[in-house]
Amino acid sequence: MNLDDFSDLIQRPDGGIRRDAEERRERLSVRPGALGRLDELGEWLSAAQGRVPVRPVEQPKVVLFAADHGVATLDVSGRAAGSAHTLVRAVLDGASPVAVLARAQRVPVRVVDAGLDCDPGLLPAEVTRHRVRRGSGRIDIEDALTSEEALAALELGIAIADEEADSGTDLVVLGDLSVGGTTPASTLIAALCGTDASVVTGRGGAGIDDLAWMRKCAAIRDALRRARPVLGDQLALLSTVGGADLAAMTGFLLQASVRRMPVVLDGVVGAACALVAQRSAFRAPDWWLAGQVSGEPAQAKALDRMALEPLLDHGVTVGEGAGALLALPLVRAAAALAAELPEKTADAGGTEDGVEDGAEDGADGESAGNAEATGASADTGAATGTGASAGTGASADAR
């Protein structure tokens, strides 16, 4: 598979529809600009859906790709290596932040095991049946995946995107459930942005101390040396310093764009996959929203490179798609306002008929006032012999 083929398959959201949405916005009863960024979101959704007025977002879904990363054995994460299955179990049991938020918003959650390092029997078969391999390689000294595994993970993401689009999902909140995932994500971003390890190294969703941060920075530095020779080949890059979940998310993002299915990105892992996908198809980011600021420096660098401005900045670092899910009500609100606000009517006081009637009444009143002023001016002039100056004063008073 050549990822560059996606460049021909992905088209931008309909520009003509977006202009129609902007024109409709000008006709709404609420003045343009009063709703801030909600106007922009509504117009973006119209273009993505290809219709005016925009439809409500009725079938969103949270899709989470899960995996363990071998680099976590270096103690670069706040969680124990190989423990990502506990994050998955918490989501399935409804006990994680993203599960609570999804339940409150009545949004279904789908978890896909791309590369968990656990016995498949610990989790339901519908979660584990897609697994590409058990864990990923330690990217500072070895490849994360073989080339065959990277291709399989990419195809997994494409298949999941097709399944969601075929089932009627109209917007996806994309996230990850991983241990050690921010290290390969930061490596990918540093490689693609041409920057140093220290610039992109953050503290991860679980938080790490200074010693762990230094170990993480060293691991990214060593992984970068291995990544640079394969920068021209996105699939080889994912194989060398990515992971099964990152490759799957990259495939998902590309195919979601092909299927014209909008995606809300969460944290640094999603941003890294988006940046890889952008290298393959430059139009693809037009189908994505950045849900939130995660606090990871690598995420900020990737979003800046793709010109994506996050919707929220609430300091949410938990990952799991929770921050992006918090942005979903904002997107839904934008769609509802764009679809349901009434257009201006003849009784609204700002229409052409109202303006013309008011102008005619004002003109009649002004003519009558001028006539009275002129008469007063003539009478005063006859009595005093200073008609010009007195008439001027009376005219001013009449006005």
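Look up a bit, the structure's there.
Residues numbered from 1 in each chain as written. Predicted model: local features only at pLDDT ≥ 70, side-chain atom pairs only at ≥ 80, totals over all residues. Heavy atoms only, no water.

A. Focus on the overall build of the protein. Tallying secondary structure elements over the protein gives 17 helices and five strands in all. Counting all 399 residues of the protein, 50% fall into the buried class. For the protein, the proportion of contacts with a sequence separation of at least 24, taken over those separated by at least 6, is 75%. Of the accessible surface of the protein, which amounts to about 17,000 Å², a share of 49% is contributed by carbon and sulfur atoms. (Helix = DSSP H or I, 4+ residues; strand = E, 2+ residues; numbered from the N terminus. Buried < 20%, exposed > 50% of the residue type's maximum accessible area, 1.4 Å probe, protein only. Contact = heavy atoms within 4.5 Å. Areas by Shrake-Rupley, 256 points an atom, 1.4 Å probe, with all protein chains shown as cover.)

B. Up close: the nonpolar core. If you look at the biggest cluster of nonpolar residues, it comprises 73 residues, and the most contacted ones within it are Phe65, Leu174, Phe252, Val263 and Trp288. Residue contacts for Phe252: discarding those within four places in its chain leaves Val63, Phe65, Gly157, Ile158, Ile160, Ala161, Val172, Leu174, Met261 and Val263. Formed by 37 residues, the second largest nonpolar core is a distinct cluster that contains Leu123, Val264, Leu311 and Leu325. (Core = buried A, V, L, I, M, F, W, Y, C linked by side-chain atoms within 4.5 Å.)

C. Up close: the pattern of salt bridges. With the rule as written, the count across this model stands at 19 salt bridges. The partner of Arg18 in a salt bridge is Glu22, with the nearest N and O atoms 3.9 Å apart. Remark: Glu22 and Arg18 occur in helix 2 (residues 15-27); sequence separation between them is four residues, near one turn of the helix. Of the residues examined, Arg18 reaches a relative accessible area of 24% and is grouped as partly exposed. A relative accessible area of 34% means that Glu22 is categorised as partly exposed. Of the charged contacts, one joins Asp117 and Arg134 as a salt bridge, the two residues approaching to 2.7 Å between their closest N and O atoms. In this pair, Asp117 is assigned in the loop between strand 2 (109-115) and helix 6 (125-128) and Arg134 in the loop between helix 6 and helix 7 (147-166), connecting sequence segments 17 residues apart. Each of the salt bridges in this network shares a partner with another, and the network as a whole consists of Lys61, Arg110, Glu163 and Glu164. (Salt bridge = Lys/Arg side-chain N within 4 Å of Asp/Glu carboxyl O.)

D. Local environment of helix 14 (residues 297-306). Taken together, the buried positions of helix 14 are Ala298, Gln299, Ala302, Leu303 and Met306. Summarising the axial view, the buried residues of helix 14 lie within an arc of 130°, below the 170-degree limit, and thus occupy one face. Those residues of helix 14 hidden inside the fold are in contact with helix 8 (182-193), helix 9 (197-200), helix 13 (268-280) and strand 5 (288-290). Ala307, located one to two residues past helix 14, shows a positive phi value of around 60°. (Arc of directions from axis to C-beta.)

E. A negative patch on the surface, seen in detail. Together, Asp4, Asp5, Asp8 and Asp233 make up a region of like negative charge exposed at the surface. Mapping Asp5 onto the fold places it in the segment before helix 1 (6-9). (Patch = residues over 30% accessible without salt bridge, like charges linked within 9 Å, V, L, I, M, F, W, Y side chains within 5 Å. Lys, Arg positive; Asp, Glu negative; His and termini not counted. Charge placed at Lys NZ, Arg CZ, Asp CG, Glu CD.)

F. Just the sheet that holds strand 1 (residues 60-68), in detail. If you trace the five strands from one edge of the open sheet to the other, you get 2-1-3-4-5, paired in parallel fashion. Each edge of the sheet is formed by a strand with only one pairing partner; in this case those strands are strand 2 and strand 5. When strand polarity is set aside, the average angle formed by the axes of neighbouring strands in this sheet is 25°. By the bridge criterion, nine bridges tie strand 1 to strand 3 (residues 171-179) in an arrangement that is parallel. Within the sheet, the bridge partner assigned to Ala66 lies in strand 3 and is Leu177. (Pairing = 2+ DSSP bridges. Axes fitted to C-alpha atoms, helices over the stretch in contact; angles between N-to-C directions.)

G. Structural detail: the pairing of strand 1. Taking burial as the measure, the nine residues of strand 1 include nine buried ones, the bulk of the element. Side chains of strand 1 alternate between two faces, with Pro60, Val62, Leu64, Ala66 and Asp68 and Lys61, Val63, Phe65 and Ala67 buried alike. Sheet topology note: the strand 1/strand 2 ladder contains six bridges and is parallel. Residue pairing in the sheet places Phe65 in a bridge with Val112 of strand 2.

H. Layout of the packing of aromatic side chains. All chains considered together, the criterion is met by one aromatic pair. Relative to Phe252, the ring of Phe65 has its centre 5.9 Å away and its plane inclined at 70°; by these criteria the two rings are edge-to-face. Within this pair, whereas Phe65 is found in strand 1, its partner Phe252 is found in helix 12 (residues 244-258), the two being separated by 187 residues in sequence. Phe65 sits in the buried class, given a relative accessible area of 0%. (Phe/Tyr/Trp six-rings, centres within 6.5 Å; stacked < 30°, edge-to-face > 60°.)

I. Main features of the environment of Gly251. If you trace the backbone, Gly251 turns up in helix 12. On the basis of relative accessible area, Gly251 is assigned to the buried category, the value being 0%. Separated by 25 residues in sequence, Gly251 and Val276 place their C-alpha atoms 9.8 Å apart.

J. Broad picture of unusual backbone geometry. The residue after Val52, namely Pro53, is reached through a cis peptide bond having omega 0°. Mapped onto the elements, Pro53 comes out in the loop between helix 3 (37-49) and strand 1. One non-glycine residue, Asp75, lies in the positive phi region at around 60°. You can see Asp75 is positioned in the loop between strand 1 and helix 4 (84-92). Non-glycine residue Glu320 carries a positive phi angle of around 65°. Within the fold, Glu320 resides in the loop between helix 14 and helix 15 (322-340).

K. How the structure looks around the side chain of Thr250. Considering the arrangement of structural elements, one finds Thr250 in helix 12. Owing to a relative accessible area of 0%, Thr250 belongs among the buried residues under this scheme. With residues near it in sequence (within four places) discarded, Thr250 still touches Leu154, Leu238, Cys273, Val276 and Ala277.

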